Amino acid sequence: MSTDALVRRAAHGSTALRGGRVRRLTPYQVFGLLFWLLMTLAYWRVPPCCEAGQHAAAVERLRAGLAAGAVSPYVLAQGALARLTGLTGWQLLRVCGPVNLLVLLTGLGRLVRVLTPRPWAPVLALGFMAVLWGTEPGRGAGSLALLPLSGSLGYPSAFALGLTFWAWALTGTRARDLRRVRYVGPSGLRSLSGYAALGALYGVVALIDPVTGVGAWAGAVAFAMGWQRGWRGAVWGRWGLMCTVAAGVFGCGAHAQLLPQPYDGPAARCWLALLLGVPALWLRARRAAGQVSGRAAKGVSRQAAAGVSRRAVWLAAWREPLVLLFALECLVTAYGFGTPLGLALLAPQCALAVELAAERPWPRWRRALGWAAAGGACLGFLAAQAGAVVPRSVDPVGFAQPPRWPSYDWAVRHIGPGEPVVTDAYYAVRLLPGYGIELADGHDRRPRVRWLLLTRQERLPEEAVVVDWSRRTGEVLARLTRRREVPGVTTRR
């Protein structure tokens, strides 16, 4: 052997301490960081609206040391952080948005890596998750599209979705582990503690958001049924234990909140994802069926091979976790529990990403699917999601923008802490509690009020004087000169 082969090449510069190896960022880390920065700026740009006032109000009550009713561990942690740092409810929502997005992105990347080792699959899954929905802008929490996500990143549901992705990734990893599990000795204790921790994670998701918890449990069943093999202790031992712990903690958080909800038919708003994702699910099942039928057809006569192939397609479909995930999430949604759209459509979006992340050369059908997915993503972005990242000031077309609710900072600076306010204004009723302000009911004779917030259509009472008003909405903040009981103070519309 020559001496040159025994001499290690010297590493210079920044690689000297690592033996010449430089760790490169993966494509998902690069694009995920860019997505995190873009969506964080978009979230901070959009004013609070919709359900944000409710979440900020719960934090404000905990910050003031008041009882906030039944709250989740997420809200309790927010209240404790608010008391430690002095942040208000609105400020804490702004801080939690980027944190929730980080949990979402890391969970999605880990989940897709469990499904496939292809490096570009998580990038494509992130892109399809953000824009491949439909041509109508969706609203509300639970959707992972750009436009709804720009306003709901600070909600507990966003954090619950991120934890769900992590739980599914850990479940898929354990489901693929075919080693025999021993429940005696140190290794058995580690196995039991691992499955108990995994079950507790599903329970935490249910405590934070019970509706998301139902979808998370359906996904756990899908991965367990799809990848777990064998019936001697594996299914009854591993997944029986995990489901038992999850169901116990889940029942503590769900209880009466999981009443059936009306199904609002989201398929009309996500037809692009269904049109392109469902064929990708079928292709994955068909490919797995080819492997199953190839093994099953050995030793079988040629006449029976066709029947074996047909049976293998159905068998492989029910052994593909993404197919099972899509079927169970649709079933749960149709039943009326209202599974978040982000979970119901994740399976077809991920299946499409896995198929299009395959190495080249591509067959004709994959090239056609790739062009269709690119066209659908562009259509979905321009028709429904572009307004989330394109400011209105530089918008050349007039994209659908996130709702821009008015701010009530002008009124809050005049109202003292703990003073009740009477108002009928639509936005004020939903946003003022987020500032820690109590709303008084006009039909309740117990409270005595000093402040009125009147709309343009309401007349100013004789015993009230105008303190301030909003140039945007025309609303007026008035102070009562004589304290009176609530009935008769305001003039109803």
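Residues numbered from 1 in each chain as written. Predicted model: local features only at pLDDT ≥ 70, side-chain atom pairs only at ≥ 80, totals over all residues. Heavy atoms only, no water.

Comments concerning the overall build of the protein chain
So, point 1. Each helix and strand counted, the protein chain has 19 helices and 4 strands in total.
So, point 2. Taking as baseline every contact in the protein chain between residues at least 6 positions apart, the subset at least 24 positions apart corresponds to 72%.
So, point 3. With the model as given, the accessible surface of the protein chain reaches about 25,600 Å², and the carbon-plus-sulfur share is 61%. (Helix = DSSP H or I, 4+ residues; strand = E, 2+ residues; numbered from the N terminus. Contact = heavy atoms within 4.5 Å. Areas by Shrake-Rupley, 256 points an atom, 1.4 Å probe, with all protein chains shown as cover.)

Points about the pattern of salt bridges
So, point 1. Going through the model one piece at a time under the given rule, you end up with 6 salt bridges.
So, point 2. The partner of Arg413 in a salt bridge is Asp468, with the nearest N and O atoms 3.1 Å apart. Remark: Asp468 occurs in strand S3 (residues 464–469) and Arg413 occurs in the loop between helix H18 (409–412) and strand S1 (421–423); sequence separation between them is 55 residues.
So, point 3. The exposure class assigned to Arg413 is exposed, which follows from its relative accessible area of 60%.
So, point 4. Measuring nitrogen to oxygen at the nearest pair gives 3.3 Å for the salt bridge that ties Glu419 to Arg450. Within this pair, whereas Glu419 is found in the loop between H18 and S1, its partner Arg450 is found in strand S2 (residues 448–454), the two being separated by 31 residues in sequence.
So, point 5. Taking the relative accessible area as the measure of exposure, Arg450 reaches 30% and is therefore partly exposed. (Salt bridge = Lys/Arg side-chain N within 4 Å of Asp/Glu carboxyl O. Buried < 20%, exposed > 50% of the residue type's maximum accessible area, 1.4 Å probe, protein only.)

Here's the deal with the environment of Glu462
So, point 1. Here Glu462 lies in the loop between S2 and S3.
So, point 2. With 19 residues separating them along the chain, Glu462 and Thr481 place their C-alpha atoms 9.2 Å apart.

Comments concerning helix H3 (residues 52–63)
So, point 1. Across its 12 residues, H3 extends 16 Å between first and last C-alpha, which sits within 8% of the 16 Å expected from 1.5 Å per residue.
So, point 2. Where H3 is buried, its residues contact helix H4 (73–85), helix H5 (89–115), helix H8 (156–175) and helix H19 (426–431).
So, point 3. Directly beyond the C-terminal end of H3, a positive phi value near 80° is found at Gly65. (Expected span 1.5 Å × (residues − 1).)

Focus: the packing of aromatic side chains
So, point 1. All chains considered together, the criterion is met by 9 aromatic pairs.
So, point 2. Aromatic rings pair up to connect Phe165, Trp168 and Phe223 into one cluster.
So, point 3. Taking the ring centre of Tyr43 as reference, the NZ or CZ of Arg94 above it sits at 5.2 Å.
So, point 4. The ring of Trp362 carries the charged tip of Arg360 above its face, separated from the ring centre by 4.3 Å. (Phe/Tyr/Trp six-rings, centres within 6.5 Å; stacked < 30°, edge-to-face > 60°. Lys NZ or Arg CZ within 6 Å of the ring centre and 35° of its normal.)

Notes on unusual backbone geometry
So, point 1. In this chain, Arg360 is followed by Pro361 through a cis amide linkage whose omega measures 5°.
So, point 2. Among the secondary structure elements, Pro361 is positioned in the loop between helix H16 (346–356) and helix H17 (364–385).

What to know about the pairing of S2
So, point 1. Burial analysis of S2 places 5 of its 7 residues in the buried class, which makes it a mostly covered element.
So, point 2. The pairing of S1 with S2 spans 3 bridges and is classified as parallel. For Val421, the partnering residue across the bridge sits in S2 and is Trp451. (Pairing = 2+ DSSP bridges.)

Considering the side chain of Asp468
So, point 1. A residue is classified by how much of its surface remains accessible, and Asp468, at 15% relative accessible area, is buried.
So, point 2. At 3.1 Å, the side chain of Asp468 and the side chain of His414 are in polar contact.
So, point 3. In contact with Asp468, not counting residues within four places along its chain, are Trp410, Arg413, His414, Glu475, Val476 and Leu477. (Polar contact = N/O pair within 3.5 Å; in protein donor to acceptor, adjacent residues only side chain to side chain.)

What about the nonpolar core?
So, point 1. Core analysis: the largest hydrophobic core is formed by 107 residues, its most contacted members being Phe165, Trp168 and Leu352.
So, point 2. Top contributing element to this core by residue count: H5, with 13 residues.
So, point 3. Beyond its immediate stretch of four places on either side in the chain, Leu352 contacts Phe128, Leu132, Leu276, Ala280, Leu369 and Ala373.
So, point 4. Residues Val422, Leu454, Ala464 and Leu480 belong to the second largest nonpolar core, which totals 8 residues. (Core = buried A, V, L, I, M, F, W, Y, C linked by side-chain atoms within 4.5 Å.)

With respect to the environment of Phe159
So, point 1. Inspection of the secondary structure assignment puts Phe159 in helix H8.
So, point 2. When the C-alpha atoms of Phe159 and Asp209 are compared, they prove to be 9.1 Å apart, with 50 residues separating the residues in sequence.

Focus on the packing of H4 against H5
So, point 1. Two numbers describe how H4 lies on H5: the axes approach to 11 Å, and their chain directions differ by 125°. Between H4 and H5, the interaxial angle falls into the category oblique. Classified by chirality, the crossing of H5 by H4 is right-handed. For the pair formed by H4 and H5, the contact residues are Tyr74, Gln78, Leu81 and Ala82 on the first element and Leu92, Leu93, Cys96 and Asn100 on the second.
So, point 2. By residue class, the composition of the contact of H4 with H5 is 6 nonpolar, 2 polar and no charged. (Axes fitted to C-alpha atoms, helices over the stretch in contact; angles between N-to-C directions. Parallel < 35°, antiparallel > 145°, perpendicular 65-115°, else oblique. Left-handed = near helix turned anticlockwise from the far one by under 90°. Nonpolar A, V, L, I, M, F, W, Y, C, P; charged D, E, K, R; others polar.)

With respect to the packing of H5 against H8
So, point 1. Viewed as axis vectors pointing N to C, H5 and H8 meet at an angle of 25°, and their least axial separation amounts to 8 Å. One way to sum up the angle between H5 and H8 is to call them roughly parallel. For the pair H5 and H8, the sense of crossing is left-handed. From H5, Asn100, Val103, Leu104, Thr106, Gly107, Leu108, Arg110, Leu111 and Val114 reach across to H8, where they touch Ala158, Phe159, Leu161, Gly162, Leu163, Phe165, Trp166, Trp168, Ala169, Leu170, Gly172 and Thr173.
So, point 2. Its residues placed into classes, the contact of H5 with H8 shows 14 nonpolar, 6 polar and 1 charged.

Considering the state of the cysteines
So, point 1. All told, the structure shown has 0 disulfides when counted by the stated rule.
So, point 2. Its sulfur unpaired, Cys270 is 8.8 Å from the next cysteine sulfur, which belongs to Cys330.
So, point 3. When its relative accessible area of 3% is taken as the criterion, Cys270 is described as buried. (Disulfide = S-S within 2.5 Å.)

Overview of the confidence of the model for the protein chain
So, point 1. Per-residue confidence for the protein chain gives a mean pLDDT of 79; residues scoring 70 or more make up 72%.
So, point 2. Under a pLDDT of 50 for its full length, residues 1–11 has, in the predicted model, 5 contacts with residues more than four places off or in other chains.
So, point 3. Below a pLDDT of 50 lies the segment residues 231–237, which in the model reaches 11 contacts outside its immediate sequence neighbourhood of four places, other chains included. (pLDDT = per-residue confidence, 0-100.)

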